[in-house]
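Examining the three-dimensional arrangement
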Amino acid sequence: MITHIKRATYLVATLTIIAFYSFKTMHNEQTEIKYKNFIVSYYGSNKVSEETLLENAKLIDIADRRFETKWSNKDAKGISEEYTSKDAVFMKPGKKPRLGRTEIEKEFSESVKGVDRVEFFQDELEFFGDMDVAFQRCHMLGYVNSKTEHIFEGSYIILWKKENGNWLIEYDMFNSDN
């Protein structure tokens, strides 16, 4: 059973990457900026200013910090509200995907018990279409008992979607790098 879940997870990741690569090569408008230690890009048929790209990169960065704060506060409901109101998916290694905010809240009510705090570091951020969808590749560290040395290291990909003007997580998938 776990092998089927792993295969499905790899398949979803591969298809996501192929879809984004296909989208990138089909559209000729591209804007890139450097933000912190990574490149932020836009791919699509619209002209997007560097200022707009920077503004949206900062909004997603703020959303990452909100998520970290809610984790530290053990606020599983608050974490679930960082996901879209419909169709949100959270995938964790060795587990069935959690579909919707209610299931995502259940998952995080358990996860926050084992790890006191998390830190997210963006590696890549790409916006698409009408600047209403974004792909993010990041890595994270997890800590216990406020120690300075992390006990967990992982990588993840997120598909962000604008909902009512706010950047929320539509798809979230991670793996352990330990």
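Residues numbered from 1 in each chain as written. Predicted model: local features only at pLDDT ≥ 70, side-chain atom pairs only at ≥ 80, totals over all residues. Heavy atoms only, no water.

1. Some words on the sheet that holds strand β5 (residues 117-128)
How we decide: In this analysis, strands are considered paired if DSSP registers two or more bridges between them. For the purposes of this entry, the term helix denotes a DSSP run of H or I that reaches at least four residues, the term strand denotes a run of E that reaches at least two, and both are numbered from the N terminus. Contacts: residue pairs with any heavy atoms within 4.5 Å of one another. Every axis corresponds to a line fitted to the C-alpha atoms, with the helix fit spanning only the stretch in contact, and the corresponding angles, defined between N-to-C directions, vary from 0 to 180 degrees.
The eight strands are arranged β1-β2-β5-β6-β7-β8-β3-β4 in an open sheet whose pairing can be described as mixed. Pairing within the sheet leaves two strands with one partner each, and these edge strands are β1 (29-35) and β4 (98-99). Alignment of strand β2 (residues 38-44) against β5, held across four bridges, turns out to be parallel. Bridging across to β5, tyrosine 42 finds its partner in phenylalanine 127. Of the strands in this sheet, β1, β2, β5, β6 (133-143), β7 (152-163) and β8 (166-176) touch helix α2 (residues 50-72), which is tilted by about 155° from β5.

2. With respect to the pattern of salt bridges
Quick note on the threshold: Any carboxyl oxygen of Asp or Glu within 4 Å of a side-chain nitrogen of Lys or Arg constitutes a salt bridge here. Buried means the residue's accessible area, taken with a 1.4 Å probe over protein chains only, is under 20% of the maximum for its type, while exposed means over 50%, and partly exposed covers the values in between.
Using the criterion set out here, one finds 14 salt bridges in the structure. For glutamate 110, the salt bridge goes to lysine 113, with nearest N and O atoms at 3.3 Å. Pair noted here: glutamate 110 and lysine 113 are both in helix α4 (residues 100-114), with a separation of three residues, about one helical turn. Each member of the pair, glutamate 110 together with lysine 113, is exposed.

3. Some words on the side chain of threonine 31
What counts, and what does not: Definition of a polar contact: a pair of N or O atoms within 3.5 Å, with one able to donate and the other able to accept a hydrogen when the atoms are protein atoms, and with sequence-neighbouring residues admitted only if both atoms are side-chain atoms.
Residue placement: threonine 31 occurs in strand β1. Given the relative accessible area of 13%, threonine 31 is considered buried. Separated by 3.0 Å, the side chain of threonine 31 and the backbone oxygen of valine 48 make a polar contact. Once residues lying within four places of it in the same chain are set aside, the contact partners of threonine 31 are Val40, Ser41, Tyr42, Val48, Ser49, Glu50 and Leu53.

4. Section: the confidence of the model for the protein
This is how the line gets drawn: Note: pLDDT gives the predictor's confidence per residue, expressed from 0 to 100.
When pLDDT is averaged along the protein, the result is 88; 84% of the residues meet or exceed 70. Looking at the elements of the protein, mean pLDDT is at its lowest for helix α1 (residues 2-26), recorded as 54, and at its highest for helix α3 (residues 76-80), recorded as 98.

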